[in-house]
Amino acid sequence: MRKIQPILFIRNGMNSLFARLIAGFLFIVLLLASLTLYSVSVSKNDLKQEIVKYNTNLLDHSKDSYEKHLNLVKQQMLLFFTSEEIIRLQKKPDNVDYPLIVREIARWTTVPYLYINNIVFYSKKDDLVLEKGTSTNAESMFEVFSSSKEYPLAFWRRQFAESYTYRIFPSAVMANTMFRDSPQLLGELKPIVIKSIDNPDFYMVVLLDAGKMYDAFHQSVYKDFMIYDDHGQPIFARTGQEPFLDFEQLRELGAGGAFIRDGKYYFLNQGEQTGFTYVSRVPADRIAAQTRINITLLVIILAAIALSVLFSFLFAARINNPLKKVIESIRRMNDEPPYRSKIKEFNIISGQIHGNRMLYRQLSFINHLKAIRGHESDAPELDFKGKPFVFVLFQVQPDRSELHSPEVVQNWLYYLRIFIDSKLKPGFPDALTFQIERDQILSLVFTERSEEVIEQLSQIKHVFDQDLEHGVVTMAVTSAYSASDQLTAAYEEAQELAGERLMTGETQIILRRGEAPVALGFSPDQEKELEANLKAGNAPQLAALVEQHFARWHRDVPTAASLARFAESAAGKIRNAVTPFPLEPEEADALLGKTGERIGRCRTVKELERVLVEWVTKSAEAVREKKEEKHPITSQVVDYIHEHLADEIYLDVLSAKLKMSSGYLSSYFKAKTGINIVDYINETRIAKAASLLDDDRLKIRDAAQAVGYRNITSFNRMFKKYTGLTPSEYRKRNESN
């Protein structure tokens, strides 16, 4: 019995959860340790070769990426260079083609995977340069917009005498020095020149962003990288403190593709298409250290095995009651998470909840201010109590013609915001710029001296003046405010100042409110004349009325807001005059279109005048077409009236001729024409009298009698009712016109 007890104790112990966990853990540890040691022993001798192969493959990848990209750019740019617009530009430059070519250049430079910073066309004949921003001369382009000490203007002029048709030049740092005190770096650019055999006085320059290409194509952790052209000249370099070997040494030592020299491992590869030589450099001691890592790894593995065994015992010893601990953990998770815990997952959950609370507070703050700022969730807080500030509101009126698509307009607005921010930041580092509406950009400038802001805006205005083909910008500058609780008042002032814009089609800076707005509109007599001519379908008279009304505004231009209100009011009067008869409301809406949008697109008084003339002309023509529609009975009535204008016309006589009652005839005529017979008789007589008065040899009394009016007083009253003018005033206006 005593001999059997130890055996039973051992058997019971082996059936315990603790023993089974320990056995399972030790088996897994032993298995993993065996596999790891075997892998280390097998790979130790091949690790160096694998590292060398890895770096070789990285260089191959960089070479292939550069070769494919340069070939793609070459093919695409040759197609662009031989397009109809560029051929026409070479043979016979025409200003009409410039915007088309500039937009095409801008399209190419926005393709992200081509890494094209700019495309320049240079004509020797007239020293003309076209690039993505505008058309200019060579000196401005190569000494200001894209200047570099490696490529001065003399270099570009020498290229006309060179006999090549395609050449890639070394990369160089270029900058925009329009503002010499704060030049704008364009980056490290690689020029590619494309020429034509037939026309050596014209060539194309493609400026590739060499820095972006390097970041995209060279993926090694070691940054030393060189590219040599087929003549051995370096065209791109990223080197550390130690220079590369010269090209002849590289070719002599690198025949096998890789070699070690002065503690550095050099890898070489040559492009098949360009003939360029690509070189990367890796410290040899790094590769040696990577091979020595096997020993370190072995020590770590042994330590891991020992720790794994130890942790297996500890974990198994602490898992005697796993279900209880799991339930306790679940219970704590249902409650509010503690700020501190020994369990990592709980800390993660607590951190997530805290982060969500912070995000909610930020969103609440943004929603509170979104009426005066953009919707970026990462925008800085506007808490600046006691800090003076000025608002600058940029009211943008883009050109929405067929030449500018919505994508082009949005891109222009985006670049406007970036440009404004870049110009304000040097003088006002804390300035914030947001696009708050589709056509408004707001800058918050921290200063109490508005004149400093105005001086900076004057420089910005010169740039906007050169970009009027894309749209007109109005800059409204508020007075200085002292604290953040005045944001709403400052924003309201900015909006009011923007309303003082004049409809001149020019860039404006508005600093103060003008005089009280003048109410623009037609006089009562002009309104009567407008309504009468619309109902009569007299398009020429309506056009003359609108042009006469606008004549006084071409010099003394009212504010755009006043003119817009006048145009909207005029559109309403036109709609009311022609509806519901002779035109249906739907027909009138189709003629007038989207009035608010049409008015908002007008940049000058002349453009607004053309819109109103178009509206009254189309409405009058539609009315006349409606009136000329034929109905058997109404046609007989109309013919009878026109034949007896000079006589007394009686409804009973007319109805008897048509063999119907006078009441039915009157109702039928109004249903078909929208006007009763008496009004039609008077309207027709007055229209005829107006045409007779165009002959200044005919007396007014004779004209009245010719259309059936025996009493001159009744004629004068009726004439003014339908035309808004007395016969004498009508004749004087015709004489003045």
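Residues numbered from 1 in each chain as written. Predicted model: local features only at pLDDT ≥ 70, side-chain atom pairs only at ≥ 80, totals over all residues. Heavy atoms only, no water.

Where do I start with the overall build of the chain in this structure?
Summing up its helical and strand segments, the chain has 28 helices and 17 strands in all. Of all 737 residues assigned to the chain, the portion counted as buried reaches 41%. Summarising the internal contacts of the chain: among those between residues at least 6 apart in sequence, 62% fall at separations of at least 24. (Helix = DSSP H or I, 4+ residues; strand = E, 2+ residues; numbered from the N terminus. Buried < 20%, exposed > 50% of the residue type's maximum accessible area, 1.4 Å probe, protein only. Contact = heavy atoms within 4.5 Å.)

It is not clear to me how the nonpolar core should be interpreted in this structure. Could you clarify?
Generally speaking, a soluble globular protein has its nonpolar side chains buried in company with each other. Within the largest apolar cluster, 43 residues are counted, with the highest numbers of intra-cluster contacts made by Tyr66, Met77, Phe80, Ile119, Phe121 and Met204. Per-element accounting of this core gives the leading share, 8 residues, to helix H3 (residues 47-81). For Met77, the residues in contact, after removing those within four places along its chain, are Trp108, Ile116, Ile119, Ile194, Met204 and Val206. Core analysis: the next-biggest nonpolar cluster, separate from the first, contains 37 residues, Leu530, Ala577, Leu592 and Leu612 among them. (Core = buried A, V, L, I, M, F, W, Y, C linked by side-chain atoms within 4.5 Å.)

Explain the sheet that holds strand S9 (residues 234-238) here, please?
Backbone hydrogen bonds hold the strands of a sheet together, and the pairing may be parallel or antiparallel. Judged by pairing direction, the sheet is antiparallel, and its 5 strands sit side by side in the order S9-S8-S12-S11-S10 without closing on themselves. Of all strands in the sheet, those with a lone pairing partner are S9 and strand S10 (258-261), marking the two edges. Between one strand and the next, the sheet's axes are offset by a mean angle of 20°, whatever the strand orientation. (Pairing = 2+ DSSP bridges. Axes fitted to C-alpha atoms, helices over the stretch in contact; angles between N-to-C directions.)

What is the right way to read the pairing of strand S13 (residues 390-398) from this model?
Every other side chain in a regular strand lies on the same face of the sheet, so the side chains alternate between the two faces. For S13, the buried fraction is high: 9 of the 9 residues fall into the buried class. With burial as the criterion, each face of S13 is covered, one bearing Val390, Val392, Phe394, Val396 and Pro398 and the other bearing Phe391, Leu393, Gln395 and Gln397. Both S13 and strand S15 (residues 440-445) contribute to a ladder of 6 bridges, which runs antiparallel. For Val390, the partnering residue across the bridge sits in S15 and is Val445. As paired elements, S13 and strand S16 (residues 471-477) share 7 bridges and run antiparallel to each other. For Gln395, the partnering residue across the bridge sits in S16 and is Thr474.

What am I meant to see in the pattern of salt bridges here?
Here the idea is simple: oppositely charged side chains can pair when their charged atoms come close. Taken as a whole and assessed by the stated rule, the structure comprises 18 salt bridges. Measuring nitrogen to oxygen at the nearest pair gives 3.3 Å for the salt bridge that ties Lys63 to Glu272. On the criterion of sequence distance, the pair formed by Lys63 in helix H3 and Glu272 in the loop between strand S11 (264-270) and strand S12 (277-283) is long-range, its members being 209 residues apart. Residue class for Glu272 comes out exposed when judged on its relative accessible area of 63%. Residue Asp465 is joined to Lys461 by a salt bridge in which the shortest nitrogen-to-oxygen separation is 3.1 Å. Placement of both Asp465 and Lys461 in helix H14 (residues 450-465) is noted, with a separation of 4 residues, approximately one turn of the helix. If you follow the salt bridges from partner to partner, you end up with Lys63, Asp64 and Glu272 in one network. (Salt bridge = Lys/Arg side-chain N within 4 Å of Asp/Glu carboxyl O.)

Is there a simple way to think about the sheet that holds strand S14 (residues 432-437) in this case?
The mixed open sheet is built from 5 strands, whose spatial order is S14-S15-S13-S16-S17. With partners counted over all chains shown, the strands left at the sheet margins are S14 and strand S17 (508-510), one partner each. Ignoring strand direction, the axes of neighbouring strands in this sheet form an average angle of 20°. With 5 bridges connecting them, S14 and S15 associate as antiparallel partners. The residue bridging Phe434 from the neighbouring strand is Leu442, located in S15. The strands touched by H14 are S13, S15, S16 and S17; relative to S16, the strand with the most contacts, the crossing angle is about 175°. Across the face of the sheet, helix H15 (residues 487-498) comes into contact with S13, S14, S15, S16 and S17 while running at roughly 40° to S13.

What is the right way to read the packing of helix H22 (residues 632-643) against helix H25 (residues 677-693) from this model?
Geometry of a packed helix pair, given as the angle between the helix axes and the separation of the axes. It is at 11 Å that the axes of H22 and H25 come closest, and there the two elements cross at 45°. Between H22 and H25, the interaxial angle falls into the category oblique. When the axes of H22 and H25 are compared, the crossing they make is right-handed. Packed against H22, whose contacting residues are Val638, Ile641 and His642, the element H25 presents Ile677, Tyr680, Ile681 and Thr684 at the interface. Per-class residue counts for the contact of H22 with H25 are 5 nonpolar, 2 polar and no charged. (Parallel < 35°, antiparallel > 145°, perpendicular 65-115°, else oblique. Left-handed = near helix turned anticlockwise from the far one by under 90°. Nonpolar A, V, L, I, M, F, W, Y, C, P; charged D, E, K, R; others polar.)

What am I meant to see in the confidence of the model for the chain here?
Segments scoring low in pLDDT should not have their predicted coordinates read at a detailed level. When the pLDDT values of the chain are averaged, the result is 79; 81% of them are 70 or greater. Note on residues 322-339: pLDDT is under 50 here. Beyond four places in sequence and across chains, it has 14 contacts. In this model, residues 357-372 is a region of pLDDT below 50 whose contacts with residues beyond four sequence positions or in other chains number 15 contacts. (pLDDT = per-residue confidence, 0-100.)

Mind showing me how you'd approach the environment of Arg565 here?
The topology assignment puts Arg565 in helix H18 (residues 560-578). It is 9.0 Å that separates the C-alpha atoms of Arg565 and Gly521, two residues lying 44 residues apart in sequence.

Help me out: how do you make sense of the environment of Pro283 in this one?
The residue Pro283 is located in strand S12 in this model. As for Pro283 and Gly263, which are separated by 20 residues in sequence, their C-alpha atoms are 6.3 Å apart. Filtering out sequence-adjacent residues up to four positions away, Pro283 remains in contact with Tyr222, Gly263 and Lys264.

Please clarify how the pairing of S11 should be interpreted in this entry.
Burial of S11 is extensive: 6 of the 7 residues sit out of reach of the surface. Note that S10 and S11 share 4 bridges and pair antiparallel. From the neighbouring strand, Ile260 faces S11, where its bridge partner is Tyr265. For S11 and S12, the ladder comprises 7 bridges, and the chain directions are antiparallel. Across the sheet, the residue bridging to Phe267 is Ser280, located in S12. Hairpin connection between S11 and S12: a loop of 6 residues separates the two successive antiparallel strands, and Gly275 in this loop has a positive phi of roughly 80°.

For this particular structure, what's the right way to read the packing of aromatic side chains?
Here the distance between the centres and the angle between the planes together describe a pair of aromatic rings. Per the stated rule, a full pass over the model turns up 35 aromatic pairs. Summarising the aromatic geometry, the rings of Phe121 and Phe202 are spaced 6.1 Å apart at their centres and angled 15° between planes, so their arrangement reads as stacked. Taken as a pair, Phe121 in strand S1 (residues 116-123) and Phe202 in strand S7 (residues 202-209) lie far apart in primary sequence, 81 residues in all. Assigned by exposure class, Phe121 and Phe202 land together as buried. Centroid distance Tyr214 to Phe225: 6.0 Å. Interplanar angle 40°. Geometry classified as tilted. Residue Tyr214 is located in helix H8 (residues 210-217), and its partner Phe225 is located in strand S8 (residues 225-228); the two are separated by 11 residues in the primary sequence. Judged by its relative accessible area of 5%, Tyr214 falls in the buried class. When its relative accessible area of 0% is taken as the criterion, Phe225 is described as buried. Among the aromatic residues, those joined into a ring-pair cluster are Tyr122, Phe142, Tyr151, Phe155, Trp156, Phe160, Tyr164, Phe169 and Tyr203. (Phe/Tyr/Trp six-rings, centres within 6.5 Å; stacked < 30°, edge-to-face > 60°.)

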